[in-house]
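So the chains spell out like this:
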Amino acid sequence: MTAFKALGLEEHLLKAIADLGFETPSEVQAKAIPILLERETDMVSLAQTGTGKTAAFGFPMLQKIDVKSRTTQGLILSPTRELCLQITNEMAAYGKYMPGLNVTAIYGGASITDQARQVKKGAQIIVATPGRMKDMIGRGLIDISKIEYCVLDEADEMLNMGFYEDITEILSHSPKEKSTWLFSATMPKEVSTIAKKFMHTPVEITVGTKNVGSDQVSHEYYLVNARDRYSALKRLADANPEIFSVIFCRTKRDTQKVAEQLIEDGYNAAALHGDLSQSQRDTVMKSFRARQIQMLVATDVAARGIDVDDITHVINYQLPDETEIYTHRSGRTGRAGKTGISMVIVSKSEVRKIHTIEKMIQKKFISKEIPSGMEICEVQMFHLANNIKDTKINPEINAYLPNINEVLADFSKEELIQKVFSVEFTRFLNYYKNSKDLNISGGGERNFEEENKDSTRYFLNIGSKDDFDWMSLKDFLRDLLQLGKDDVYKVDVKDSFSFFNTDTTHQELVMGIFKDFKLEGRQINIEISKDTGRSKGRSGGGRDRGKRRGDRNDRGDRGDRGGDRGERRGSFKKRSGGSSSSDKPAFKGKGRRGSERPDTKGTGGRRRRKE
Ligand code: ADP
Ligand code: MG
């Protein structure tokens, strides 16, 4: 408290801060607030998400504006509606002892008339998303010609989302002599450009090291065959019964697909992507906040607005194309002083990306193994045991007890425990009983034959005669198909034709796009090749396969990772002891999985068919 006072904040703000329960300023607050209070200056501030940036600009702005005036004096631009509303609420909470304060949120997807009315009542501070703001300025509904303070919050994300032009347009309606405060988690070229363009000798503040992920987050990767991605995801979820997570996919299509599949398999999951309407997105976010959704599958763009504390895991179902984006993803967890885990599911061909990310975040990833089915069963049973232990007895049960007791009178405590757990776990155990090890060993050759089972090779009647080499053809296909860098592989360009592979999951997409495809007026034909693409200097992989497979079967699922298991169980205990359990027992809802075996080839087929 006194620490906030020492920054130069006035009594009414200190009172609000006390109400909020903030005790000490965060680093960015301690650095920014005194400077912004003391002088009129531009500022560039680099700080990760969850470091308390809102208060860092919010307190000084509130202290500096004149609440007696109804003129708009402060403008805060933020990338999404979610963030916009959140900042508005925070500002209102900080300014609760400032009678007459009007902080108005301006964002798309809601009534423009209502928003205009709010502004007209005299909004000293406007918090806006760039799109709607530009719109309303254009229609003469908002006047920012007298603003004194302008905040560009999450500048990197705003630019990522393509708001450069809107921001330029908006700022052209603001006075030259104002203070601009830019906040960003990362400092890509585009942000420095905007800083140069709109700011004069800004004070620069950096919290932590540039581009370094929050220390609260640990980073793990899991090496699996590409086709086991989904099974791996399910195991990670099952091994963490209290998971509250965001799962990132690269495309809207994958996002939708993974979410649908999780729901079908009985998980509390939902998709969040740009093809949903605003009201659908609102519903999803509401359920997520209320913890009715444990696994939110999202695209990078849609997830930008997610500002929920307590997210336990971020799972990179696929790695982003740009390493920078990884920081945004992992920053969704480890917020507000909590710890979090960022998990990456990778196939062999992507491992080098892990090293690139390590360099960027200046932190090492821990290589972890996908838990075996038996480990998961153990975790789930402990989870249930702890749930039972922590459950408050419902007195209404008492009325039924005499009859229940009569039915169960003959059993000992041990027998009752065995029976209760059998009720819950028989299906679960059956499901995981013969599940295989999803891990692939770190070194050694790639397991080509296995991989090829789910890989499709195509023949394409364009080649080096058409000025393609393997790199340019790969780029061309990637752009055309909207796939990730590693999703088109084994590209082999001949004179007048070429071969390439994709995972079989993409076969429909590939065939669809090339169905009637012309390149510079010429009809391009595609065919599925019988050749798997395996003959290209890759002998040896197959030989090894038999051996490794045998290993796997012999050792069963328990493996020899006793130490690892102990550690996991420990952390599981801690987690389940800490928070009270949800009203939906994790595995209850997943009962349907008892009848499914996605780890086996049979359902693998089902999955592929759906895709
Ligand atoms: P950022 O904008 O950097 O991502 P926020 O401003 O949204 O972070 O703050 C993240 C969370 O931390 C919010 O829940 C906020 O109320 C809380 N918070 C901010 N400053 C403090 C503080 N000094 N002490 C305790 N909690 C804080
Ligand atoms: Mg923020």
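Refer to the preceding data block for the structure.
Residues numbered from 1 in each chain as written. Chains lettered and ligands numbered in written order. Predicted model: local features only at pLDDT ≥ 70, side-chain atom pairs only at ≥ 80, totals over all residues. Heavy atoms only, no water.

### A closer look at the overall build of the chain
And then number 1: Counting its secondary structure elements, the chain contains 25 helices and 20 strands.
And then number 2: Burial status across the chain gives 53% buried among its 611 residues.
And then number 3: For the chain, restricting intrachain contacts to residue pairs at least 6 apart in sequence, the fraction spanning at least 24 positions comes to 78%.
And then number 4: Accessible area for the chain stands at about 28400 Å²; split by element, carbon and sulfur atoms hold 51% of it. (Helix = DSSP H or I, 4+ residues; strand = E, 2+ residues; numbered from the N terminus. Buried < 20%, exposed > 50% of the residue type's maximum accessible area, 1.4 Å probe, protein only. Contact = heavy atoms within 4.5 Å. Areas by Shrake-Rupley, 256 points an atom, 1.4 Å probe, with all protein chains shown as cover.)

### Details of the site of ligand 1
And then number 1: Residues in close proximity to ligand 1 total 16 residues, the closest being Thr-24, Gln-29, Gly-50, Lys-53 and Thr-54.
And then number 2: A distance of 2.8 Å is found between a nitrogen atom of ligand 1 and a side-chain nitrogen or oxygen belonging to Gln-29.
And then number 3: At a separation of 2.6 Å, an oxygen atom of ligand 1 approaches a polar side-chain atom of Thr-54.
And then number 4: Residues of the shell around ligand 1, tallied by class, amount to 3 nonpolar, 9 polar and 4 charged. (Near = heavy atom within 4 Å. Polar contact = N/O pair within 3.5 Å; in protein donor to acceptor, adjacent residues only side chain to side chain. Nonpolar A, V, L, I, M, F, W, Y, C, P; charged D, E, K, R; others polar.)

### Quick word on unusual backbone geometry
And then number 1: Phi angles above zero are rare outside glycine, and Arg-291 is one such case at about 65°.
And then number 2: Tracing the chain through its elements places Arg-291 in the loop between α13 (278–289) and β11 (295–298).
And then number 3: On the accessibility criterion, Arg-291 (36% relative accessible area) is partly exposed.
And then number 4: The backbone phi angle of Asp-467 is positive, close to 70°, even though this residue is not glycine.
And then number 5: With respect to the helices and strands, Asp-467 occurs in the loop between β15 (455–460) and α21 (470–481).

### Some words on the nonpolar core
And then number 1: Core analysis: the biggest nonpolar cluster contains 40 residues, and Leu-9, Met-61, Ile-76, Met-91, Ile-125 and Trp-181 have the highest contact counts within it.
And then number 2: The contacts of Ile-76, once residues within four sequence positions are left out, are Phe-57, Met-61, Ile-87, Met-91, Ile-125, Ile-126, Val-127, Ala-128 and Val-151.
And then number 3: Among the nonpolar cores identified, the runner-up in size contains 31 residues, and Ile-144, Ile-147, Ile-167 and Met-199 belong to it. (Core = buried A, V, L, I, M, F, W, Y, C linked by side-chain atoms within 4.5 Å.)

### Here's the deal with the sheet that holds β11
And then number 1: Judged by pairing direction, the sheet is parallel, and its 7 strands sit side by side in the order β10-β11-β9-β12-β13-β8-β14 without closing on themselves. Edge positions in the open sheet fall to β10 (269–272) and β14 (366–368), since each of these has one partner strand only. Across the sheet, the mean angle separating the axes of adjacent strands is 25° when strand polarity is ignored.
And then number 2: For β10 and β11, the ladder comprises 4 bridges, and the chain directions are parallel. Bridging across to β11, Leu-272 finds its partner in Ala-298.
And then number 3: Its contacts with the sheet place helix α12 (residues 252–264) against β9 (245–248), β10 and β11, and it is angled at close to 165° to β10. (Pairing = 2+ DSSP bridges. Axes fitted to C-alpha atoms, helices over the stretch in contact; angles between N-to-C directions.)

### Thoughts on the sheet that holds strand β16 (residues 489–493)
And then number 1: With respect to topology, 4 strands assemble into an open sheet ordered β16-β17-β15-β20, the strand pairing being antiparallel. Every other strand in the sheet has two partners, leaving β16 and β20 (526–528) as the edge strands with one partner each. Across the sheet, the mean angle separating the axes of adjacent strands is 25° when strand polarity is ignored.
And then number 2: In terms of strand pairing, β16 meets strand β17 (residues 498–503) through 3 bridges, oriented antiparallel. Paired with Asp-492 across the strands is Phe-499, a residue of β17.

### Some remarks on the pattern of salt bridges
Pairs can form between side chains of opposite charge whenever their charged atoms are close.
And then number 1: For the coordinates displayed, the defined rule picks out 23 salt bridges.
And then number 2: Residues Glu-40 and Lys-64 are paired through a salt bridge, measuring 2.8 Å at the closest nitrogen-oxygen approach. Remark: Lys-64 occurs in helix α4 (residues 53–64) and Glu-40 occurs in the loop between α3 (27–38) and β1 (43–46); sequence separation between them is 24 residues.
And then number 3: Assessed through its relative accessible area of 53%, Glu-40 is described here as exposed.
And then number 4: In this structure, the salt-bridge partner of Arg-329 is Asp-300, at a minimum N-O distance of 2.7 Å. In this pair, Arg-329 is assigned in helix α15 (residues 323–330) and Asp-300 in helix α14 (residues 300–303), connecting sequence segments 29 residues apart. Like Asp-300, Arg-329 is buried.
And then number 5: Connected via shared salt-bridge partners are Arg-250, Asp-321, Arg-478 and Asp-487. (Salt bridge = Lys/Arg side-chain N within 4 Å of Asp/Glu carboxyl O.)

### As for helix α11 (residues 229–238)
And then number 1: In terms of burial, α11 is largely enclosed, as 10 of its 10 residues are buried.
And then number 2: Looking at α11, one finds that the buried residues are Arg-229, Tyr-230, Ser-231, Ala-232, Leu-233, Lys-234, Arg-235, Leu-236, Ala-237 and Asp-238.

### Observations regarding the packing of α4 against helix α5 (residues 81–94)
And then number 1: For the pair α4 and α5, interaxial distance at closest approach is 10 Å and the crossing angle is 50°. In terms of orientation, α4 lies oblique with respect to α5. Judged by the sense of rotation from one axis to the other, the crossing of α4 with α5 is right-handed. For the pair α4 and α5, the contacting residues are Thr-54, Ala-55, Phe-57, Gly-58, Phe-59, Met-61 and Leu-62 in the first and Ile-87, Glu-90, Met-91 and Tyr-94 in the second.
And then number 2: Here the contact of α4 with α5 is built from residues that sort into 8 nonpolar, 2 polar and 1 charged. (Parallel < 35°, antiparallel > 145°, perpendicular 65-115°, else oblique. Left-handed = near helix turned anticlockwise from the far one by under 90°.)

### Description of the packing of aromatic side chains
And then number 1: Scanning the entire structure with this criterion turns up 16 aromatic pairs.
And then number 2: Ring geometry for Phe-497 against Phe-499: centres 5.9 Å apart, planes inclined by 85°, an arrangement best described as edge-to-face.
And then number 3: Residue Phe-497 is classed as partly exposed on the basis of its relative accessible area of 28%.
And then number 4: Taking relative accessible area as the criterion, Phe-499 reaches 15% and is therefore assigned buried.
And then number 5: We note Arg-291 situated over the ring of Phe-244; from NZ or CZ to the ring centre the distance is 3.9 Å. (Phe/Tyr/Trp six-rings, centres within 6.5 Å; stacked < 30°, edge-to-face > 60°. Lys NZ or Arg CZ within 6 Å of the ring centre and 35° of its normal.)

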